[in-house]
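Here is what each chain is made of, one letter per residue.
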Amino acid sequence: MALVGTTGTVVAAASMAALLSYFLFCSNYRSKSSSTKKKSKSRTGLVDAIGNTPLIRINSLSDATGCEILGKAEFLNPGGSVKDRVAVKIIEELSQMLRRRLAIVTTDLFPPFPCITYIQALGSGELAQGGVVTEGSAGSTAISLATVAPAYGCKCHVVIPDDVAIEKSQTIEALGATVERVRPVSITHRDHYVNVARRRALEANELASKQRKSKQTDAEDIELINGYESEGGKQSSVFSSDCKGGFFADQFENLANFRAHYEGTGPEIWEQTGGNLDAFIAAAGTGGTIAGISRFLKGKDANIKCFLIDPPGSGLFNKVTRGVMYTKEEAEGRRLKNPFDTITEGIGINRLTQNFMMAELDGAFRGTDMEAVEMSRFLLKNDGLFLGSSSAMNCVGAVRVAESIGPGHTIVTILCDSGMRHLSKFCNSQYLSDHGLTPTATGLEFLGLR
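Residues numbered from 1 in each chain as written. Predicted model: local features only at pLDDT ≥ 70, side-chain atom pairs only at ≥ 80, totals over all residues. Heavy atoms only, no water.

Observations concerning unusual backbone geometry
Move 1: Its identity is not glycine, yet Asn 52 carries a phi of approximately 50°, on the positive side.
Move 2: Its place among the elements puts Asn 52 in the loop between α2 (34-39) and β1 (55-57).
Move 3: A relative accessible area of 21% means that Asn 52 is categorised as partly exposed.
Move 4: For Asp 250, which is not glycine, the phi torsion reads 55° and is therefore positive.
Move 5: Residue placement: Asp 250 occurs in the loop between β8 (246-248) and α9 (256-273).
Move 6: With relative accessibility at 8%, the residue Asp 250 sits in the buried group. (Helix = DSSP H or I, 4+ residues; strand = E, 2+ residues; numbered from the N terminus. Buried < 20%, exposed > 50% of the residue type's maximum accessible area, 1.4 Å probe, protein only.)

Laid out in structure tokens, this is it:
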């Protein structure tokens, strides 16, 4: 930004302050490393309780396959899913970015002008109250953001497809966040839930900017948020008049997602297994989990095999195995959902995200809705594990890997969330019956095992 004279500098500083203030943290927060968590007898606050989840042996699957099948129990995080890690990482990296920018602004660009006090106040966290983080989510990331946002003195606005389990939006609202349900459409449509969430962050910023600016400045100063251009002077009615700005979490493309698992989940798995594992498998939605974990494990031991398990309609299986995003459903013009047809939630996608492109994979398997349903009932009956759809699909994948590489190996997967947020669909017998998915298996015969 070019600076001309004292007046121009003050105006530029106000603009910079507006950019920096869209989402800030309470000044009393101190991030903790995973090693600190381990050494401490207690954890400081909710955020510090995220991570270091147990790695449990899934006895029924291990005994049936002759492999040690281990599940990372991410449903034990405070917000109930693996996405807690992502929510915190996105917020923490934003905090670090803002503090770096503030250091540049206050030390290099602006020697002692009146605006410096205002900018430093923003950096201290004194104006954090009222900031809004927005996200487009199928549920789990939204719940995690709604869970951790208050710990940073911020609010949360979530945009979700209206066909996800209703209890997810009810949970988000109960946590104090606002929920905007939209119809499922392609990512290329302006009203896709991710695109709407991006616009909401821009609108929140414009609203906050207008409140702060003097007569000689206007909303044109805020042009870019997260690299996306604002639509101008449009103002959203979804935010209160005291809104202090917004930030779009962007879980699909924000590589903080990948880093949450590369720096956290992956090292935990390595330590918990003592480095003695042969394979890792997981499904992908944003791709952050499978990318971060696979890249870390491969970096520790290139012989560890990492695989994808992909639900019906998703194009990732063909991308991994053939190098081309292609699905039979798309070829036949049968895109029934957004944009794939499966009852599993939060996994499967028909585009490549920045996060998924970081993955290091050796192959992929396909899973079906019926297999996921049967697996969830099998694990509940035999292990007491009440799991959601993506967790069940991951366990289907773990058995597939065991069949592929043979007995005597250690296989790790992710137990993303519990069945508690899937009661109206995946765990509802009437819903399953309506879709021809009533489970009938008595064992693992649905996977060819007796």
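Here's the deal with the nonpolar core
Move 1: Of all hydrophobic cores here, the largest spans 37 residues; its most connected members are Ile 58, Leu 61, Ile 281, Met 375, Leu 379, Cys 395 and Ile 411.
Move 2: For this core, the secondary-structure elements that each account for two or more residues are β9 (279-282), β10 (305-310), α13 (369-383), α14 (389-405), β12 (410-415) and α15 (429-434).
Move 3: Take this core: its biggest share by element is 8 residues, from α14.
Move 4: Here Leu 379 is in contact with Ile 58, Ser 60, Leu 61, Gly 384, Leu 385, Leu 387 and Cys 395, once residues within four sequence places are set aside.
Move 5: Core analysis: the next-biggest nonpolar cluster, separate from the first, contains 32 residues, Val 196, Ala 282, Cys 306 and Leu 316 among them. (Core = buried A, V, L, I, M, F, W, Y, C linked by side-chain atoms within 4.5 Å. Contact = heavy atoms within 4.5 Å.)

Considerations on the side chain of Thr 410
Move 1: Inspection of the secondary structure puts Thr 410 in strand β12.
Move 2: Look past the residues within four positions of Thr 410 in its chain and what remains in contact with it is Glu 68, Leu 70, Asn 276, Leu 277, Asp 278 and Ala 279.

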